[in-house]
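Chains, contacts and geometry: an overview
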Amino acid sequence: MSRITFDEALALYDMDLFELGDMADKIRQEKYGKKTYFNINRHINPTNICADICKFCAYSANRKNPNPYTMSHEQIMEIVKDVEARSVKEVHIVSAHNPDTGLEWYLEIFKKIKTAYPHLHVKALTAAEVDFLARHYGKTYDEILDLMVENGVDSMPGGGAEIFDEKVRDYICKGKVTSDQWLEIHQKWHERGKKSNVTMLFGHVEERKDRIDHMMRIRELQDKTGGFNCFIPLVYQTENNYLNVKEQITANEILKTMAISRVVLDNVPNLKAYWVTSTVNLALVAQEFGANDLDGTIEKESINSAAGAKSANGVKLEEFTALIKNSGFIPVERDSVYNEIKTW
Ligand code: V47
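Conventions adopted
Within each chain, residue numbers correspond to sequence positions counted from 1 in written order. At least 70 in pLDDT is required for a residue's local features to be given in this predicted model, at least 80 for side-chain atom pairs to be given and counted, and no such filter applies to totals for whole chains, interfaces and linings, which use all residues. Note that the side-chain values use all heavy atoms of the structure and ignore hydrogens as well as water. Aromatic pairing here means that ring centres of Phe, Tyr or Trp (its six-membered ring) are within 6.5 Å. Orientation follows from the plane angle: under 30 degrees is stacked, over 60 is edge-to-face, and everything else is tilted. Secondary structure follows DSSP: runs of H or I at least 4 residues long count as helices, runs of E at least 2 residues long count as strands, and numbering of each begins at the N terminus. Categorising residues by exposure relies on relative accessible area from a 1.4 Å probe, with only protein chains included: less than 20% of the type maximum marks a residue as buried, more than 50% marks it as exposed, and the intermediate range marks it as partly exposed. When the NZ atom of lysine or the CZ atom of arginine is within 6 Å of a ring's centre and also within 35 degrees of its normal, the charge is said to sit over that ring. By definition, a salt bridge exists where a carboxyl oxygen of Asp or Glu is found within 4 Å of a side-chain nitrogen of Lys or Arg. Should any heavy atoms of two residues lie within 4.5 Å, those residues are counted as being in contact. Whether a residue is near a molecule or strand is decided by its heavy atoms; if any one of them lies within 4 Å of it, the residue is near. Under the rule applied, a polar contact is a pair of N or O atoms within 3.5 Å (in protein, one hydrogen donor and one hydrogen acceptor; residues adjacent in sequence only if both atoms are side-chain atoms). Here the term charged refers only to Asp, Glu, Lys and Arg, the term nonpolar to Ala, Val, Leu, Ile, Met, Phe, Trp, Tyr, Cys and Pro, and the term polar to all other amino acids, Gly among them. Following DSSP output, two strands are said to pair if at least two bridges run between them. With axes taken as lines fitted to C-alpha atoms, and helix axes fitted only over the stretch in contact, angles between N-to-C directions fall between 0 and 180 degrees.

Let us now look at the packing of aromatic side chains. Using the criterion set out here, one finds nine aromatic pairs in the structure. With a centroid separation of 6.1 Å and an interplanar angle of 70°, the aromatic rings of Tyr37 and Tyr338 are classed as edge-to-face. Pair noted here: Tyr37 is in strand β1 (residues 35-39) and Tyr338 is in the loop between β9 (330-334) and β10 (340-343), with a separation of 301 residues, a long-range link. The exposure classification of Tyr37 matches that of Tyr338, with both residues buried. Connected via pairs of aromatic rings, a cluster forms that spans Tyr32, Tyr37 and Tyr338. The aromatic ring of Phe329 is capped on one face by Lys34, whose charged end is 4.3 Å from the ring centroid. The cationic tip of Lys55 hangs over the ring face of Tyr171; the distance from NZ or CZ to the ring centre is 3.8 Å.

Written out as structure tokens, the structure is:
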């Protein structure tokens, strides 16, 4: 069967929402039936001091959020100790681009966690952080990626991809990692036998064609490496930032985008409906539109909640699994690289 082209993918937006949903659901059901994956994880965001200025970001310390912080390693280890004792299996560590801490501060966090808790999965450092650390400390991407492996990073999160179209990217986050660099860093990470995720920030100033272009670039790299576990469309949150988008994206457009990504990304196994940015209710509906993963319990979330998402305190495990069940799906706990652990 031939693959869907750019023009055909763009035309899917003109389909009836439910017909498109059926198309995506068929693909989802063939792969996963009614199973929906989630994991028991904890987000940690060690510093919000940032050398870059992304217009969409409400997390980094700036005029709208004059609240700079940098955690000590002791504070981070306290959090990790606490969550590990409660069966959390993954720590997802993402920071702003802090120019003052030194490279060691970033890397030693991982080494300390891995030394104390070797079984805990460390998902850390977006390609945007890798690029920042390489530039700031005069290292190559290869050197930074090798240091990550040496210090215990298991996988990379998908953040910092935003929108690959250069014109939109220049407008929303000029100066940070370029699209080609983002893809190059993930390619190099995959060449080390490691897995990562990939996000897309949508619902701001981009057009439908930019989303399809974004998906096509992911599909192309995935053909080469096979290293992406999961695609995560992130719905833009409107508060406390400098993008000044007046109109919120509709639920219809969010679901269509999810469904289309399931069709286009035929080589990326998992599609995550990230409840933090879509709301829990819409994430549950997205299970009918191609999504087979709802991320996890998260416990504490700082990046999107700063921009208005109702996610600051995560979601309780029992509530999460009950919601998945009540929506007609089977909650399956997975590990960070998608091995099944337990059906709830
Ligand atoms: O890269 C920032 C986004 C991302 C806003 O890999 C915003 O499993 C919406 O990448 N509205 C960080 N989004 C989060 C992220 C992520 C989340 C969950 C799972 C995984 C994974 C990765 O949050 C940033 C940026 O694209 N972001 N500001 C905003 N106003």
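Bringing the pattern of salt bridges into the picture now. Between side chains of opposite charge, pairing is possible as soon as their charged atoms come close. By the definition in use, this model includes 25 salt bridges. For Arg211, the salt bridge identified is with Glu206, shortest N-O distance 2.8 Å. Across this residue pair, the class does not change: Arg211 and Glu206 are buried. Taking the shortest distance from any N to any O, the salt bridge between Glu253 and Arg211 comes out at 2.9 Å. On the criterion of sequence distance, the pair formed by Glu253 in helix α10 (residues 251-264) and Arg211 in helix α9 (residues 208-225) is long-range, its members being 42 residues apart. Note on accessibility: Glu253 and Arg211 belong to one class, buried. Through salt bridges with shared partners, a single ionic network connects Arg42, Asp82, Arg86 and Glu299.

On to the side chain of Ser278, then. The topology assignment puts Ser278 in helix α11 (residues 275-278). By relative accessible area, Ser278 is classed as buried at 7%. Contact partners of Ser278, with chain neighbours within four places excluded, come to Val235 and Ala283.

For the rest of this paragraph, the subject is the site of the ligand. Every one of the 22 residues lining the ligand counts as a neighbour, but Lys123, Gly158, Gly160, Glu162 and Gln237 are closest to it. The separation between an oxygen atom of the ligand and a polar main-chain atom of Gly158 is 2.8 Å. At a separation of 2.8 Å, an oxygen atom of the ligand approaches a polar backbone atom of Gly160. Counting only elements with at least two residues in the shell around the ligand, the list comes to β5 (196-202) and β6 (228-235). When the residues that make up the shell around the ligand are grouped by side-chain class, the tally is ten nonpolar, eight polar and four charged.

Let us now look at the sheet that holds strand β4 (residues 121-124). Taken in spatial order, the three strands line up as β2-β3-β4 in an open sheet, and their pairing is parallel. Sheet topology places β2 (41-44) and β4 at the edges, where each strand pairs with a single neighbour. Going from strand to strand, the sheet's axes swing by 20° on average, the running direction of each strand aside. By the bridge criterion, four bridges tie strand β3 (residues 90-93) to β4 in an arrangement that is parallel. Across the sheet, His92 pairs through a bridge with Lys123, a residue of β4. In the packing of helix α4 (residues 103-116) onto the sheet, the strands contacted are β3 and β4, and the crossing angle to β4 comes to about 165°.

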